[in-house]
Amino acid sequence: YLTSATGATGSNNIHIQNTKFLNGPNSVVYSNAPGEISLKNCVFTNNQVPVNINHKATSGTLKVTIENCSFINCGKGNSGTEELYSAPIRVVNSQNENPDAVSVEIIGCSFDNPTSSNGDILLGEGRNDEPSRGVIATIRDLKTDAVLQVQNPGERTTTGFTGYKQDLSKGTNY
């Protein structure tokens with residue numbers, strides 16, 4: 001379990017490569033502070049929210065790069081509340097009003113047997129009473145098809161989802 005020890009007031013510089021994460025906790029890689037996070041050639045298997053980024057700082061920027069990573073059997077929450085935000089990749093900007101504050105680049109990743117009702121890639125926060133601001137995303141050269149969901153507060157409840165959903169085709173750029 002890797003998390004930002006600095007909280008929302010510090011800064012992170014996290015680079016992980018060639019690592020396997022098996023049966024991890026709620027979030028294997030979690031950060032809520034500004035900085036840079038890079039994941040390359042990693043394999044996540046049977047993890048609830050392998051990459052869980054929630055930028056909670058009111059200033060600073062966060063750049064996330066996820067390259068050539070595999071997500072196998074990931075995204076299934078263990079309870080009703082966890083089901084509302086579980087996904088293999090989750091990126092949220094919950095505090096910073098700067099439209100360029102959070103960016104994520106997802107390159108050459110694969111999603112095998114996903115178990116999430118929030119898609120493979122979840123951008124934004126759909127739960128009621130949780131803040132959510134914009135996230136800039138670039139997705140390219142996926143090794144498998146994937147599902148993208150973009151959620152705003154109130155669009156994800158225990159009875160379903162009313163936000164934006166896009167099926168992403170293998171090898172296509174978005």
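Reading the values: rules and limits
- Residues numbered from 1 in each chain as written.
- Predicted model: local features only at pLDDT ≥ 70, side-chain atom pairs only at ≥ 80, totals over all residues.
- Heavy atoms only, no water.
- pLDDT = per-residue confidence, 0-100.
- Helix = DSSP H or I, 4+ residues; strand = E, 2+ residues; numbered from the N terminus.
- Pairing = 2+ DSSP bridges.
- Axes fitted to C-alpha atoms, helices over the stretch in contact; angles between N-to-C directions.
- Contact = heavy atoms within 4.5 Å.
- Core = buried A, V, L, I, M, F, W, Y, C linked by side-chain atoms within 4.5 Å.
- Buried < 20%, exposed > 50% of the residue type's maximum accessible area, 1.4 Å probe, protein only.
- Polar contact = N/O pair within 3.5 Å; in protein donor to acceptor, adjacent residues only side chain to side chain.

## Some remarks on the confidence of the model for the chain
On average, residues of the chain score 88 in pLDDT, and 93% of them are at 70 or above. At the level of individual helices and strands, the chain shows its lowest average pLDDT in strand β1 (residues 2-3), which scores 58, and its highest in strand β8 (residues 62-67), which scores 97.

## Remarks on the sheet that holds β8
Reading across the sheet, the 5 strands line up as β2-β5-β8-β11-β14 and stay open at both edges, with parallel pairing between neighbours. A strand with exactly one partner marks an edge of an open sheet, and here the two such strands are β2 (12-17) and β14 (136-140). Looking at each pair of strands side by side, their axes are set apart by 5° on average, direction ignored. With 6 bridges connecting them, β8 and strand β11 (residues 102-107) associate as parallel partners. Pairing of I66 across the sheet is with I106, part of β11.

## Describing the sheet that holds strand β12 (residues 110-112)
Within the open sheet, the 4 strands sit side by side as β3-β6-β9-β12. Their pairing is parallel. Of all strands in the sheet, those bounded by a partner on one side alone are β3 (20-22) and β12. Averaged over all neighbouring strand pairs, the angle between strand axes comes to 10°, with direction disregarded. Pairing of β3 with strand β6 (residues 43-45), which is carried by 3 bridges, proceeds in the parallel orientation. Note that in β6 the partner of F21 across the bridge is F44.

## Remarks on the environment of V102
The residue V102 is located in strand β11 in this model. Residues V102 and S59 lie 43 residues apart in sequence; the distance between their C-alpha atoms is 11 Å. Excluding anything up to four places from it in sequence, V102 contacts H55, L62, V91, N93, V135 and I136.

## What to know about the pairing of strand β15 (residues 146-150)
By the bridge criterion, 3 bridges tie strand β13 (residues 121-123) to β15 in an arrangement that is parallel. The partner of L122 across the bridge, within β15, is Q149. Sheet analysis places β15 next to strand β18 (residues 164-168), joined by 5 bridges and oriented antiparallel. Bridging across to β18, Q149 finds its partner in K165.

## Structural notes on the nonpolar core
Grouped together as the largest cluster of nonpolar side chains are 32 residues, with contacts concentrated most on L39, F44, I66, F71, I89, I106 and I121. With residues near it in sequence (within four places) discarded, F71 still touches F44, P50, V51, I66, P88, I89, C109, S110, F111 and D112.

## Here's the deal with the side chain of S70
Looking at the element boundaries, S70 is found in strand β9 (residues 70-72). A distance of 3.1 Å separates polar atoms of two side chains, one belonging to S70 and the other to S110. Ignoring sequence-local partners within four residues, the contact set of S70 consists of C42, V43, F44 and S110.

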